[in-house]
Every structure is written in structure tokens, then in C-alpha cells.
Amino acid sequence: MLTSSLQRLGQTSFVRFVEDLVRIGVIGAFPFASIALLAVVLSVPQGQDVLRVLLEKSRNEHDIADLICLALTALMQSLSVWYCLRWLLTGQFSGLPLQIPEGHWLRRWIPRVGGASIPASIALSLAFIPNRHPVDWIWIGGFIALAVALIVFFIGRRMLLDTLGDQRAQVAPHVALPPGTVRIMAWALALSFAITGIFIAFPVTAPRALGAAALLPLALASINLFGSMLLTWLPLKNGLPILTLAVLVWATICGLFNDNHRVRTTTALPGSLETEQRPTLEEQFVSWSARHNADGSAPYVVIATEGGGIRAAFWTAAILEELSHRIPGLSSRIFAVSGVSGGSLGASAWLASLPPTDRAATSACTATQSLQGDYLAPAIAGVLFGDAIQRFLPFKFPRQILDRSRAIEESWADAFDQCPEQRMWHTLREIYSKSVAPDLPSVFLNTTIVETGQRAIQSNVQVQFDDAVDLQAAKFSSAYQPLAGVTHNSARFPLISPAGTVLEFNGKKWAPRYRVVDGGYFDNSGAATAFDIIHQLQTSKSDDVGKRRPILLIIRNDADAENLCATPDCRKLIKAAGDQKIAATQLVEKEKAKRCSTTAGTKPGNVGPSSILPETSSIILGLYNARSAHARLAALAAVRELAQSRADASADSATPAAVYELAFHMPDPCSDNDVAPPLGWVLSNASQATMRKSAATLASSIADDLAALLHLQAFKAPWPDAGR
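Residues numbered from 1 in each chain as written. Predicted model: local features only at pLDDT ≥ 70, side-chain atom pairs only at ≥ 80, totals over all residues. Heavy atoms only, no water.

A word on the nonpolar core. I319 and L371 are the most contacted members of the largest nonpolar core, which has 109 residues in total. Setting aside anything within four residues of it in sequence, one finds L371 in contact with I310, A313, F314, A317, L345, A349 and F416. Grouped together as the second largest cluster of nonpolar side chains are 28 residues, F285, Y300, I457 and F465 included. (Core = buried A, V, L, I, M, F, W, Y, C linked by side-chain atoms within 4.5 Å. Buried < 20%, exposed > 50% of the residue type's maximum accessible area, 1.4 Å probe, protein only. Contact = heavy atoms within 4.5 Å.)

As C-alpha cells, then:
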């Protein structure tokens, strides 16, 4: 009886309907995935900030070119989704037969709604951008109108398709596609490859001309067309299984032979091992100190700047510029900068913008101005076009021209072409071998080695810290990278940016040795290396080194993180040091939770355990959040080093001076002009303005105190905004 009941249940129309929905989901996996991916990307903060950039250009500069490009590529993706779904749901495939009859409303309306959902999702994303300005209903209405027009076209397309020679008959297995359809598919694929060729030939200018927002629909249209017709429809029509899994297996096999992510060097690697010419940390400090402060009385500054995408880069550059503007001569007191990920980009940007001599930078080149460009478009084009092809080739394309690192690094270097000496194009050895080398702060750009999890450091001095790999040693290919490439090694955050392969000279030839990824995997604060720098100088046997007072600036980009020195342990530690000269200055009071028309502040740390897939999410969230906790521990260790060393110092020693925590925060969470800058690769004008405002407020609050500690004079008036 149970068996007969199950058989009757299986014969009900509802069960057959559910079965057909599952089959439709499998058959239409590529179109549905392309729809979902676009919607998700546009809904996350970075995607919304990209759309905000387009609206700002339209509103403030009357530049609608990028919005037009977005509309055109959205149209291309819409037609791709509709056309592929239409053919996938027209035929009867022996492996995945549909039980609903030909002409059923599902077969007719799923392709139509799928195609129209592309501009509709863009309109929805535009409507829900966290706006500090009136909603731009013109463009929202425009994309809604495009969705409606597509529905009208899909319903009344018969006349046009008849003209192209298409047929409305059901496509049974082993029946060839109509000639009109074949021509459309061939031209569409040819156009995709032509666009890919343009992006490969012009990896920076071509993607930027189209715009970051328009690139994703364009790439998804091509991927959907290829996956739907060649990997799904064609094999199913011939009685074969869908080939997606087979292609992924092929890509895995190709991955054994096609690593095209070797770090890019300025010249060919030398045929023999070069002699190490970089100074040690102490040698560099003595040389730098003699040039800037012969009597050894003024403290020196060490900076740790944490990661966080372009937001961290812009925040780092903004705070350093604001402090430099208010404290003339500050750069001459900064001995070292330790950066991670986006913080490394900000530090390198600031370094690249410094003038050859100790004078104020001109408006022709500032770090923040150079970081205003669109770095997302080249990165997206590299991921979804050139590098996507390389993944399915069993060999490396010549000269790594398909490596997306090329587009990322060249976009950074191009942005600083107007800066002194075009440092982004030169190696650290070339930059610091010039006669003005001691005028530049030393850099320590942190990355992580995939194979061991170790910290690796790239610096103009020899790295002799415990369990840290010196990637600027002459035996590694990374020593011959330009500053843009060295910075990229610290900010290689998959999947947008690939892990880089570092070669080592083994006495006979160069061979792969390490893969490096974002330095934030090991320590996202940069404080671990800053701690090592201070500790090594503090414990130096040379009086010229060990008695100089360090000032530690910790630049933090996470507005939601708890302040370091707000913790009881930190306060007790500093109080126990027993010296009023230790200024563990708390510069940023955490915002209280506010409820207003635009934002409601809540602290992520107060959120309880998640109930969503706890078995899986606990593993992922635990690993991810341990990264942040490790960074916090490294920063606290640096603070402890300063406080404890002062407590142990003799009465006449002037060892540590101060710890400043420079944390990004919203000046006014309820302001109509402030927005939350997202992580990612591009910032809108509104995001930049918010960060500039925060940096100006923060810098003005500490300028007098910091200048006094450094034996410098601060400006009372804020730095003028003209030309910035």
C-alpha cells in the first residue's frame, strides 16, 4: 500500500511541477547564475559605491557616458540571458526532459522575466543606494523603462525573428539550430573574443573607458552565452551530460602548467646572484638620523597602517597628508612605515608623492589625488577576460600578458606618473640608491607566504626579524619588482588579485619558491613589523640608536573596531609605566549607537552567535575573525613594548615618547553629506569627502601635541583646500 501511495504521489501535477522547476534550474544554471551574481554585486557596499560614482558624475559633471555604457552592457546581458533561456527551455533533452508541455507559461515567461530582470535589478540597486542626495529618479526610471521595453520586445519578437530565419518549432534532439540562430551565436562569440583582445592590448585604458559598472554585465553576457550554448545546450541536444564539470576538471589539470602569476620584474632577472647592498636597520637609522637630527634629541616616528582595500589606502594617504600639512617637516621625522594590504598602497602612494627634498608637496601630485582613479575596472577586466582564458589553456601565454596583475599594477603606476621620479615604476633599490635616499622614510610592506603562513617583508633595508622572510633579498625575483609590484604583493587579496609566484635563484637558475598573498592573512595591522622595528632599535647597543625616543602612529581603517587603549589592560599597563611623558593618547571616542533617518549605529562586536549554518559558518567566521584578533594583539604588543621599555629605563633615559591611534570614524553619522566608504577598489566623491573630513578633524586635534613632541611647529590654521 505504501508503494502504491508513493507512486500516486509521484504522479500528481504538483510533484511533476516541482521536478520541472529543478530541471529548469539545472538546465538554466548559467543564465540564472549570471542574474544572481549581478544582483549580489550591485547590492554590496562596494557595488553601491560604484553606482554612486556614476550618479555623481551625472549630477555634478553632467557626464553620463558611464551610465550609457552600463545601460548598453545591461542590454547585452539581458538579450544573452533571454536568448539562451529561450533555447534551453524550447528543446526536449533525453537526459533532462521537461514534463510541462510546449507553450506552457513557464517556458514562455521564464526567459522573458530573466532577460528583463537585468535592468530591473540595476534600477532597484540605484533606488536603494544609501543616498545623501535626492534619489535620481530619472536614471531609475530609465532602467525600469528598459526592462519594460524588453518585455514588449520579447512578446512581439516574432516578426523580427522570422526575418532572421528563426523557427518557432520545438527543437528535438539531433535537430540543428536554425541558420539565423547560428549566425547570431557566432557573431556574439566573435564580439566577445574581440572585446577580450582589446582589454588584453590595453589593460588599463580600455576598461576605464567602458567603466567598472559596465564591465560586469558585459563579461556575464559572454560567459552565459558560452556556458549555456556550448557547455549545456549542445551536449544535452546530443544526449551527453552537461560539460561544466568536465571543463572545471580540465581547468584544474591546466593549472598544473599555466601559472602566469609570476611576479613582474622591471628587467630580465640577472644570470648570477647579485651582492646584497642594502643597509641593515641600524645602519639605515644612523644614516637617516645624522641627516635629519644630528644632535639626536628629537624622537623618531614609526607608522603601522592596517589593511582594508582602497578605503585603507585613501585613509592612510589622507591622514599622512593632513598631518604633513599641519606639521611642516613631519616627513623628516618619519623613519619607517609598516603597511599591510590597502595600508601598503596608501603608504606607497604617500612615498611616491613625496618631493625629492624636504619641502611641501605641490598640488600637481598628492597621494589622495592619485588614489581617486578607477582601479576596479582594470581589475575586473583582468579577472573576467584575459585571465579567465588563461585558466583553460595548458600553457602560459607569452610574457604573462594575460596575468591580471599587469592591469592592477600598471593602473597604480600610471596614476603616479606626475609624481617626482615616477617612483611607482622603479624598484626599491633604485629609489633608495639615489642621492636623496636618506630623505625618504624606509618602507616595510608586509605580505604572507602561502606555503608556510609566514610573514614576508619587502623593505629597502635588510630584514632580520624572527621568522620573517626578506623578499627583497637579491636571491628573490621580488627584489627586481617596481614599487607598484612590491605594493601589490602586500595587497594580493584573492579572487580579484591573484597570488604571486616568487622565484629564487638556486645557484644555477631561477625556480619558483613561494606564492605570496595579502599581508592581512598574517597581520592586518602592520603593527607586528612596527613592533620589531622599535624593539630592534630600542635594544641596540649603540647609544646613537637606543636612546632615541620612538613615537608610534597606528593608522586604523576599521570604523567599527574597538579602540586599542580603551581596554582596561592597556590603561593599567600604561599607568604602571609611571611616566606622564608616555602619551597613550586616545584620539577617537567610539560613536554611540544612534538612530536617525539615515543610519543606525550598531557595534558588530555586540552581535551574538549566528544561527545560519552554524556548523559551516563557525569555521569560516572563526578563521576570518581570528585574523582581526591577531592584528589587534600585534598592535597591543607594540604598545606594551613602548610602555614597558620606559618603565625599565634609567631615569635620564628618554626612551619612548607616545602612541597615537589614528582610527577612521564618521565625523557625523547623521549628516546628509557623510557616507560609509566601502572596502574595494574605487571610491565615490562622497566617500572621499567623508574620509577627508574625518582626517582633517583628527589631524587638527593632535597637531600641536605631536609637533611639540617632535620639536616642530604646527600650523594653527587648517591647511587650505585649494588645489587639493
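Attention shifts here to the state of the cysteines. For the structure shown, the criterion picks out one disulfide. Between the sulfur atoms of C365 and its disulfide mate C419 the distance is 1.8 Å. Its torsion about the S-S bond being 80 degrees, the disulfide of C365 and C419 is classed as right-handed. Of this pair, C365 sits in the loop between α15 (342-353) and α16 (367-370) while C419 sits in the loop between α18 (404-415) and α19 (428-432), and the two are 54 residues apart along the sequence. Summarising the burial analysis for this pair, C365 and C419 share the class buried. (Disulfide = S-S within 2.5 Å. Helix = DSSP H or I, 4+ residues; strand = E, 2+ residues; numbered from the N terminus.)

This model, assessed by the stated rule, comprises 15 aromatic pairs. With 4.9 Å between their ring centres and 70 degrees between their planes, F199 and F385 make a pair best called edge-to-face. Of the two residues, F199 is situated in helix α9 (residues 179-201) and F385 in helix α17 (residues 376-390); the sequence distance between them amounts to 186 residues. Accessibility classification places F199 together with F385 in one group, the buried group. Measuring from ring centre to ring centre gives 5.0 Å for F285 and F335, while their planes differ by 80 degrees; the resulting arrangement is edge-to-face. Taken together, the residues F285 in helix α13 (residues 281-292) and F335 in strand β2 (residues 334-340) connect sequence positions 50 residues apart. Across this residue pair, the class does not change: F285 and F335 are buried. An aromatic cluster is present here, built from W82, Y83, F153 and F154 joined pairwise through their rings. Over the ring of W109 we find R112, and its NZ or CZ is 4.8 Å from the ring centre. Here the basic side chain of R429 rests over the ring of Y480, its NZ or CZ set 6.0 Å away from the ring centre. (Phe/Tyr/Trp six-rings, centres within 6.5 Å; stacked < 30°, edge-to-face > 60°. Lys NZ or Arg CZ within 6 Å of the ring centre and 35° of its normal.)

On to the side chain of T305. With respect to the element layout, T305 can be found in strand β1 (residues 300-305). Here T305 is in contact with T316, V337, S338, G339, V340, G343, A347, S525 and I555, once residues within four sequence places are set aside.

This part covers the pattern of salt bridges. Taken as a whole and judged by the stated rule, the model has 18 salt bridges. Residue K57 pairs with D66 through a salt bridge whose shortest N-O separation is 2.8 Å. Note that E504 and R513 form a salt bridge whose closest N and O atoms lie 3.1 Å from each other. Since its relative accessible area comes to 40%, R513 is described here as partly exposed. (Salt bridge = Lys/Arg side-chain N within 4 Å of Asp/Glu carboxyl O.)

Before going further, it helps to examine the packing of helix α14 (residues 309-326) against helix α25 (residues 685-709). Interhelical geometry of α14 versus α25 gives an angle of 40 degrees and a closest axis separation of 8 Å. Regarding the angle of α14 to α25, the classification is oblique. Once α14 is placed against α25, the crossing between them reads as right-handed. Residue-level contacts link R311, F314, W315, A318, I319, E322, L323 and R326 of α14 to Q688, M691, R692, S694, A695, A696, L698, A699, S700, I702, A703 and L706 of α25. (Axes fitted to C-alpha atoms, helices over the stretch in contact; angles between N-to-C directions. Parallel < 35°, antiparallel > 145°, perpendicular 65-115°, else oblique. Left-handed = near helix turned anticlockwise from the far one by under 90°.)

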